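Structure at a glance
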Amino acid sequence: MAVSSTSLKTNYHHGDLPQQAHQLALEILREHGDAAISLRALAKQIGVSAPALYRHFVDRDSLLAELAITGFSALRERLLAVDQSDPRRALIDIGLVYVSFARDEPNLYRLMFGGRVLPKGVHPRLDTAGKGAFQVLEDTIAQAQAVGYVKPIPLSLMTAAAWSLVHGLSQLSIDGHLPSTKAEPHLAEGVVTLLLDGSIAENKQHNKDTTS
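Residues numbered from 1 in each chain as written. Predicted model: local features only at pLDDT ≥ 70, side-chain atom pairs only at ≥ 80, totals over all residues. Heavy atoms only, no water.

1. Some points on the overall build of the protein chain
To keep things clear, this is the line we draw: Strands are runs of DSSP state E lasting at least 2 residues, helices are runs of H or I lasting at least 4, and numbering of each runs from the N terminus. For every residue, the accessible area obtained with a 1.4 Å probe (protein chains only) is divided by the maximum for its type, and the residue is called buried under 20%, exposed over 50%, and partly exposed between those limits. Contact criterion: two residues are considered in contact whenever any of their non-hydrogen atoms come within 4.5 Å of each other. Here, Shrake-Rupley sampling with a 1.4 Å probe gives the accessible areas, and only protein chains in the shown set may cover a residue.
Secondary structure summary: the protein chain contains 10 helices and zero strands in total. Looking at the protein chain residue by residue over its 212 residues, the buried ones come to 40%. Put simply, of all contacts in the protein chain between residues at least 6 apart along the chain, 67% involve residues at least 24 apart. Of the accessible surface of the protein chain, which amounts to about 11600 Å², a share of 56% is contributed by carbon and sulfur atoms.

If you want it as structure tokens, here you go:
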């Protein structure tokens, strides 16, 4: 639900400005996308001067970066909540959670991975937040690899392959290119399972060929 400028003016206290701006910008992002965010417009809605807001966010991109950091933190929390007791199931569930997050936060997800808006290397804290979420996926793959569910190839390569699968599926989902939203959980599980089972099948065939 949108926050009115009146309530923001009433509730504003010295020191709350960054939080107020962040929350309002997040609501605008969710409803209209990042193109609708303006520091001057935010300042006007909150009831402060534009220079006051610029003291906390040097430019629009710095605010967008903070929003993306929030997104990566939320994604990491969801990924960490996946039960890791069964490595194979955990990797499948990681994929499901990833796609679910993209569907729940489509505009935030687009901002998080929109390199055109927030290029890599410009905002170090954002890069760190992204790596934090990525690390959960890599750790999960490492566990699955240790018990033979994925190929014994470099972990970074397998992680990139798995990430490409779930990221591509997420993008197709939020852009409306999949035939049915009801089928998406099954599709997400099927895609990750295909990667895992295909890896196992190939290894078994290789072992059979070497012993025959």
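2. Some details on the pattern of salt bridges
Here is the rule we go by: Definition used for salt bridges: Asp or Glu carboxyl oxygen within 4 Å of a side-chain nitrogen of Lys or Arg.
Overall, the coordinates contain six salt bridges when judged by the stated rule. Among the ionic pairs, Glu66 bridges to Arg125, the shortest N-O distance being 2.4 Å. Of the two residues, Glu66 sits in helix H5 (residues 60–80) while Arg125 sits in helix H8 (residues 124–146), which places them 59 residues apart along the sequence.

3. Side note on the UniProt feature "DNA-binding region" (unreviewed entry) in the protein chain
To be explicit about the condition: UniProt positions are given in the numbering used here, feature names are shortened, and annotations may be inferred rather than shown by experiment.
Under the present numbering, the feature "DNA-binding region" (unreviewed entry) in UniProt falls on residues 38–57. End C-alpha to end C-alpha, residues 38–57 measures 11 Å, and it is 65% helix and 0% strand.

4. Remarks on the packing of H8 against helix H9 (residues 155–174)
Worth spelling out the cut-off: Note on geometry: axes are C-alpha line fits, over the in-contact stretch for helices, and angles between N-to-C directions span 0 to 180 degrees. If an angle is under 35 degrees, it is roughly parallel; if it is over 145, roughly antiparallel; if it lies from 65 to 115, roughly perpendicular; otherwise it is oblique. Two helices that cross are described as forming a left-handed crossing if the nearer one is turned anticlockwise from the farther one by less than a right angle, and a right-handed crossing if clockwise. Only Asp, Glu, Lys and Arg are considered charged in this grouping, and only Ala, Val, Leu, Ile, Met, Phe, Trp, Tyr, Cys and Pro are considered nonpolar; every other residue, Gly among them, is considered polar.
Between H8 and H9, whose axes approach to 9 Å, the crossing angle comes to 115°. Taken together, the axes of H8 and H9 lie roughly perpendicular to each other. The handedness of the crossing between H8 and H9 comes out as right-handed. For the pair H8 and H9, the contacting residues are Phe134, Leu137, Glu138, Ile141, Ala142 and Gln145 in the first and Leu155, Ser156, Met158, Thr159, Ala162 and Trp163 in the second. Considered class by class, the residues forming the contact of H8 with H9 number eight nonpolar, three polar and one charged.

5. Thoughts on the packing of aromatic side chains
Stated precisely, the cut-off is as follows: The pairing test for Phe, Tyr and Trp rings, Trp by its six-membered ring, is centres within 6.5 Å, and the orientation test on the planes gives stacked under 30 degrees, edge-to-face over 60, and tilted for anything in between.
Under the defined criterion, the tally for this structure stands at six aromatic pairs. Arranged with centres 6.3 Å apart and planes meeting at 45°, the rings of Tyr98 and Phe113 form a pair that is tilted. On the criterion of sequence distance, the pair formed by Tyr98 in helix H6 (residues 87–104) and Phe113 in the loop between helix H7 (106–112) and H8 is long-range, its members being 15 residues apart. Joined through ring pairs, the aromatic side chains of Phe72, Tyr98, Tyr109, Phe113, Phe134 and Trp163 make up one cluster.

6. Observations concerning the packing of H5 against H6
Look at H5 against H6: their axes get within 9 Å of each other, and the N-to-C directions meet at 145°. Like other packed secondary-structure pairs, H5 and H6 cross with a definite hand, here right-handed. Residues Gly71, Ala74, Leu75, Arg78 and Leu79 of H5 touch H6, and the partners they reach there are Ile94, Val97, Tyr98, Ser100, Phe101 and Asp104. When its residues are assigned to classes, the contact of H5 with H6 shows seven nonpolar, two polar and two charged.

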